[in-house]
Amino acid sequence: MASIDELNRRFSIAGVAQITAGNGGLPRISITTPVTAAEIYVHGAQLTSWRPAGHEEVIFLSAQSQFEAGRAIRGGIPVCFPWFRNKVDDPKAPSHGVVRTKAWELDSVETHGDTVVVSLSTVSDEGTRAWWPHDFHLVHRATIGAELTQELVVSNTSTAPLRFEEALHTYYRVGGAESVRISGLDGVAYLDNTDANREKRQQGDIVFTAQTDRAYLDTTHAVEIFDPVLRRRIRLEKQDSRTTVVWNPWSTGAQSLADLGDDEWRTMACVEASNMRAFAVDLAAGQQHTMKTVIQVAAAPGDAI
């Protein structure tokens, strides 16, 4: 992997983008423009901060995150591929796949009007084939501005078809998990991972009252998080994603996670574009698939929420 000095020489943009040593000494791309600020780690191609002008931090990052090679960062927007949660046929395999703990390649940092576009990529290697035998090329492209657009581009570089799961595992920072409401999934069937993945159906908005881990099925709807404490509305739109995951570990789950503070569940809510279970993606040899998300933030008065 190129040194931080080399990455900065090749990709920095004066007054806009700089590559420096982040937490744990890991390379981090820092973006600052009149309309936004953001941080992305080369480790896992993981965005860990996004602050559009006029708004507080949108992305949750645990104070207990372990910034080490080979370990996952808790919070931000991890890239999950080629499976989500545990690997069905191998419980010893890494949770959420093989790419979120890899050092990716930084391919480009470019400005386009008021936005900054950061592209990173990774490919199959001996480490990934130890858990999953297929060859692939993966690109994570983040367009950072007043809104945040992410594209996850999967190319099948093997000679046989493959089937994979994927997610952009977004941790949103919220004022209070107990007070947020998540709309856009009313009437949608979901698998409840806190109840042996039994299929249930959503009624009304989602409100966190206990540990929540749900995969909403066959849905392409936009989802909104209404946050009365921070007085804002976060909207997630997605393309080529047919499942939406909603997760909050609550106090019980947080205690089992060494890299999440016991009370940090109160200030996070995960709402994730994904393709999983029956909606995993089948990709022929030589073909490409792109999942895209767009995140927008708007102020909202408390009494309107």
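Computed from a prediction, not measured in an experiment: that's the story for all the values here. Within each chain, residue numbers correspond to sequence positions counted from 1 in written order. This being a predicted model, a pLDDT of at least 70 is required before a residue's local features are given, and a value of 80 or more before pairs of side-chain atoms are given or counted; all residues contribute to the totals for chains, interfaces and linings. Computation of side-chain values: all heavy atoms of the structure, hydrogens and water removed.

Caption draft 1: Local environment of the overall build of the chain. Within the chain, the regular secondary structure consists of three helices and 22 strands. Our radius of gyration is a C-alpha quantity, and the globule rule it is checked against amounts to 2.2 Å times the number of residues to the power 0.38. Computed over its C-alpha atoms, the radius of gyration of the chain comes to 19 Å, within 12% of the 19 Å expected for a compact globule of 305 residues. In terms of principal-axis extent, the alpha carbons of the chain reach across some 50 × 45 × 35 Å. Note on classification: 1.4 Å probe, protein chains only; a residue is buried when its accessible area is under 20% of the maximum for its type, exposed when over 50%, partly exposed between these limits. In the chain, which comprises 305 residues, the proportion classed as buried is 55%. Whether two residues are in contact is decided by their heavy atoms: any pair within 4.5 Å suffices. Taking the intrachain contacts of the chain between residues at least 6 apart in sequence as the baseline, contacts between residues at least 24 apart amount to 64%. Distance between charge centroids for the chain: 2 Å, based on 29 positive and 38 negative side chains. Strands here mean DSSP runs of E at least two residues long; helices mean DSSP runs of H or I at least four residues long; both are numbered from the N terminus. Here the positive residues are Lys and Arg and the negative ones are Asp and Glu; neither His nor the chain ends is included. For this purpose, a charge sits on NZ of Lys, CZ of Arg, CG of Asp or CD of Glu.

Caption draft 2: Main features of the layout of surface pockets. A cavity here means a set of 1 Å grid points, computed over protein atoms only, where a 1.4 Å probe fits but cannot escape. A pocket is an open set with protein on both sides within 12 Å along at least 5 of 7 lines, and lining residues have an atom within 4 Å of a point. Grid points are joined across faces, edges and corners, and a volume is the space filled by probe spheres set on the points. A volume near 490 Å³ is recorded for the largest pocket. Lining the largest pocket are 24 residues, and of these Arg74, Ser95, His96, Trp247 and Leu257 lie nearest its centre. When its residues are assigned to classes, the lining of the largest pocket shows eight nonpolar, 11 polar and five charged. The space that makes up the second largest pocket amounts to roughly 200 Å³. Every residue along the wall of the second largest pocket is listed here: Pro82, Trp83, Lys87, Val88, Asp89, Trp132, Arg163, Phe164, Glu165, Arg277 and Ala280. Amino acids are sorted into nonpolar (Ala, Val, Leu, Ile, Met, Phe, Trp, Tyr, Cys and Pro), charged (Asp, Glu, Lys and Arg) and polar (every other residue, Gly among them). Residue composition of the lining of the second largest pocket, by class: six nonpolar, no polar and five charged.

Caption draft 3: Quick peek at the nonpolar core. What is meant by a nonpolar core is a set of buried Ala, Val, Leu, Ile, Met, Phe, Trp, Tyr and Cys residues, joined one to another through side-chain atoms within 4.5 Å. Core analysis: the largest hydrophobic core is formed by 72 residues, its most contacted members being Ile29, Trp50, Leu106, Val118, Leu120, Leu138 and Ile144. In terms of residues, this core owes the most to one element, strand 20 (residues 268–275), which gives five residues. Excluding its chain neighbours within four sequence positions, the residues that come into contact with Ile29 are Gln18, Ile19, Ala38, Glu39, Ile40, Val42, Leu106, Val118 and Leu120. One finds Cys80, Ala167, Ala215 and Met276 within the second-largest nonpolar core, a separate group that totals six residues.

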